[in-house]
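Residue-level structure breakdown
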Amino acid sequence: MEDTRDTGDLNANLSCPSTGDPQLDTTVQQWLTWDRNPRTRAQVDSLVAASRLDDLRSRFCSRLSFGTAGLRAPMGAGFNRINDLTVIQSTQGLYAYLCRCFADFNSRGVVIGFDTRGQEESGCSSIRLAKLTAAVMLSRDVPVHLFSSIVPTPYVPFAVRKLGAAAGVMITASHNPKEDNGYKVYWCNGAQISSPHDKEVLRCIEEHLEPWSASCWDQDLVDGSSLRTDPLIQINSCYMDELTSLCFHRSLNSSCPLKFVHSSFHGVGHSFVQEAFQVFGFAPPIPVPEQKDPDQNFSSVRCPNPEEGESVLELSLLLAERENARVVLATDPDADRLAVAERGDRYGWKVFTGNELAALLGWWMFFNWKENHSDPADSQKVYMLATSVSSKILQALARAEGFNFEETLPGFKWIGNRIHDLSKTGNRVIFAFEESIGFLCGSMVPEKDGVSAAVVVAEMAAYLQNQNLSLNQQLQNIYTTYGYHLSKTSYVTCNDPPTIQRVFSRIRNFEGDGLYPKVCGGLRVIHVRDVTTGYDSSRADLRSVLPVSRSSQMITFTLQNGVVATLRTSGTEPKIKYYAEFCAAPGQSDVCRLEEELRKVTAALLDEFLQPDKNHLIRLFI
């Protein structure tokens, strides 16, 4: 990418044609006063000259805020975009807040990592934004542990805990479209920041909008500073050492006849997954050649999200068929998520949902834990966690096997912080997940981890192969034992926030003022939980146990037939997601009937509640 360093006084001529909107003119002028990136400045000039007022307002009339995965937005000019200036502002605010929270901040420092993203038009790239993050901290004499090359997202929180840092920053937009980037913040416990830290950091950002000095723009500052260290070798070595704690059957792995294919989706995962396989005693997985190297354009996929299923796994599945490999593993671009597909003898390729993989991994982790803990009383300190929109299958396992299960709000930041809280009282989380293919096996790091999950799935597949079972056959065994948990997850896209507000307002007043729907798909609604407002009809005090989250929309319906259905807004993309799950008791084996009831509820969620045609919502077609 072309060098975009400041080569002179870019602010010598601040005159900019008027947009005709005085408030917008003031905001744009402020941007031009502060920004030193010639490419983003040129974007602004071009937009003003073309009178692109809606685009300018979108970029300049609001600011970034923390969602379920930190700050995330398209790259480009504007206070509501990811770029040099907003990253410098965010880091100045983060520095100010950390100074308030840690008396020893200037000795603990911060960890900084980055993925493969970049954009020619704006001159932004993850490595550049990481170096600017480091420059701000170094300008205030804060030690910086900046990785020298791309790393999986979980390496940053892992390093925060290992190095005793005050915080960590990962520059990534994970599986978002190529136009996006993000700024993910981790606290000293290794978990993503949540309330009240996120709100306090935003407040501090607002108090430190003007770049402090020219040093904040100097991405070369990291090369000459004695306060900068590169933790890559040390952290990778520690990570791989600790990964062995999740390896239970190494002798089987070394003689495993299964072949595995791995795609890193043009991201960071290739070399790390290869090494993890060797740690477990496996031969390295076969890489998808078109996708193993970093590519900021994600050239071989229509979108870089393996959660989209078979349509984006096409190259992996074709390679697996050529190589006679039975299992395909795909990590997303920052390697914190994992998709898995298995070829069956009769049914072709089975791409597992996040909920199905969680059923398998939850069973596997408890199966191996039980092998090493013969006293049933030990299970009283064992926990599994899931987000509230994820399958209840772990709850069924917990009830049957005698361990503990808890739900959190959507977003792994809630899981990570709950893991930390439980560990302080001597409890142990052995598995946690969110349905969007985010898994944590063990508690090496309080963040979802596609690298460790990939090799754990491989070992589970090898063990089951030795028992003459496939992953899918074992999934059916789990459902037979603990009850079928059939789920459907999808989304509609909405780029207009006021429309989203209207949709959810209508649901909250469906039967009249303040009255939620009484029926969904012809079935009676017996409970409603609205985390946005804190309402829960199932509780005597009508208050939700889950924390109130007013910054996002989320309503859950429990129906008379046992289906649990949720509507929520995404914290990272312009989507309304909908989830439905049929939790059947053990012994209910008429899967076709269960699937049909689930289909009716899902259709009702979409057509009766969201009304995509009337509200101009874009449906997902796969």
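Quantities reported herein were computed from a predicted structural model and do not represent experimental measurements.

The next thing to look at is the domain arrangement of the protein chain. The assigned domain composition of the protein chain is domain 1 (22–230), domain 2 (247–482) and domain 3 (484–619). Distance from the C-alpha centre of domain 2 to the C-alpha centre of domain 3: 27 Å. Both sides of the domain 2 and domain 3 interface together cover about 1,600 Å² of buried area, and 56% of this is carbon and sulfur. Seen at the junction of domain 2 and domain 3, the total is 1 salt bridge. One salt bridge connects Arg-529 with Glu-407, and the closest N-O pair in it is separated by 4.0 Å. Viewed at the interface, domain 3 and domain 2 are joined by 6 residue pairs in polar contact (both at pLDDT 80 or more). Those elements that provide at least two residues to the side of domain 2 that touches domain 3 are α15 (393–401), β15 (404–408) and α18 (471–482).

Within this numbering scheme, the UniProt entry marks residues 64–207, 239–342 and 354–482 as carrying the feature "domain: Alpha-D-phosphohexomutase alpha/beta/alpha" (unreviewed entry). Structurally, residues 239–342 is divided into 29% helix and 15% strand, and its ends, taken at the C-alpha atoms, are 28 Å apart. Annotated as 53% helix and 17% strand, the span residues 354–482 places its first and last C-alpha atoms 18 Å apart.

Relative orientation and spacing of two packed helices are given, respectively, by the angle between their axes and the distance between those axes. At a closest axis distance of 10 Å, the pairing of helix α14 (residues 354–371) and α18 adopts a crossing angle of 80 degrees. The orientation of α14 with respect to α18, classified from their angle, is roughly perpendicular. Here Glu-356, Ala-359, Leu-360 and Trp-363 of α14 lie close against α18, whose contacting residues are Leu-471, Gln-474, Leu-475, Ile-478 and Tyr-479. Taken together, the residues of the contact of α14 with α18 break down into 7 nonpolar, 1 polar and 1 charged.

This part covers the nonpolar core. One finds Phe-260, Phe-431, Phe-439, Leu-471 and Phe-557 to be the most contacted residues of the largest nonpolar core, which totals 140 residues. Apart from the residues lying within four places of it in its own chain, the contact partners of Phe-260 are Phe-277, Phe-282, Pro-285, Ile-286, Ala-325, Val-327, Leu-329, Ala-458 and Ala-461.

Turning our attention to the packing of aromatic side chains. Overall, the coordinates contain 26 aromatic pairs when judged by the stated rule. Look at Phe-158 and Tyr-239: their rings are 5.6 Å apart centre to centre, the planes differ by 80 degrees, and that puts the pair in the edge-to-face class. Highlighted residues: Phe-158 in helix α7 (residues 155–163) and Tyr-239 in helix α10 (residues 232–243), separated in sequence by 81 residues. In this structure, Phe-158 and Tyr-239 share a single accessibility class: buried. An angle of 20 degrees between the planes, with centres 5.7 Å apart, marks the rings of Phe-366 and Trp-369 as stacked. Taken together, the residues Phe-366 and Trp-369, both in helix α14 and 3 residues apart, mark about one turn of the helix. Residues Phe-366 and Trp-369 agree in their burial class; the two are buried. Put simply, the rings of Trp-31, Trp-34, Phe-60 and Phe-79 pair up and form one aromatic cluster.

Cut-offs and rules
Residues numbered from 1 in each chain as written. Predicted model: local features only at pLDDT ≥ 70, side-chain atom pairs only at ≥ 80, totals over all residues. Heavy atoms only, no water. Domains from an automatic or database assignment. Buried area = accessible area lost by both parts, 1.4 Å probe. Salt bridge = Lys/Arg side-chain N within 4 Å of Asp/Glu carboxyl O. Polar contact = N/O pair within 3.5 Å; in protein donor to acceptor, adjacent residues only side chain to side chain. Helix = DSSP H or I, 4+ residues; strand = E, 2+ residues; numbered from the N terminus. UniProt positions renumbered as here; feature names shortened; annotations may be inferred. Axes fitted to C-alpha atoms, helices over the stretch in contact; angles between N-to-C directions. Parallel < 35°, antiparallel > 145°, perpendicular 65-115°, else oblique. Contact = heavy atoms within 4.5 Å. Nonpolar A, V, L, I, M, F, W, Y, C, P; charged D, E, K, R; others polar. Core = buried A, V, L, I, M, F, W, Y, C linked by side-chain atoms within 4.5 Å. Buried < 20%, exposed > 50% of the residue type's maximum accessible area, 1.4 Å probe, protein only. Phe/Tyr/Trp six-rings, centres within 6.5 Å; stacked < 30°, edge-to-face > 60°.

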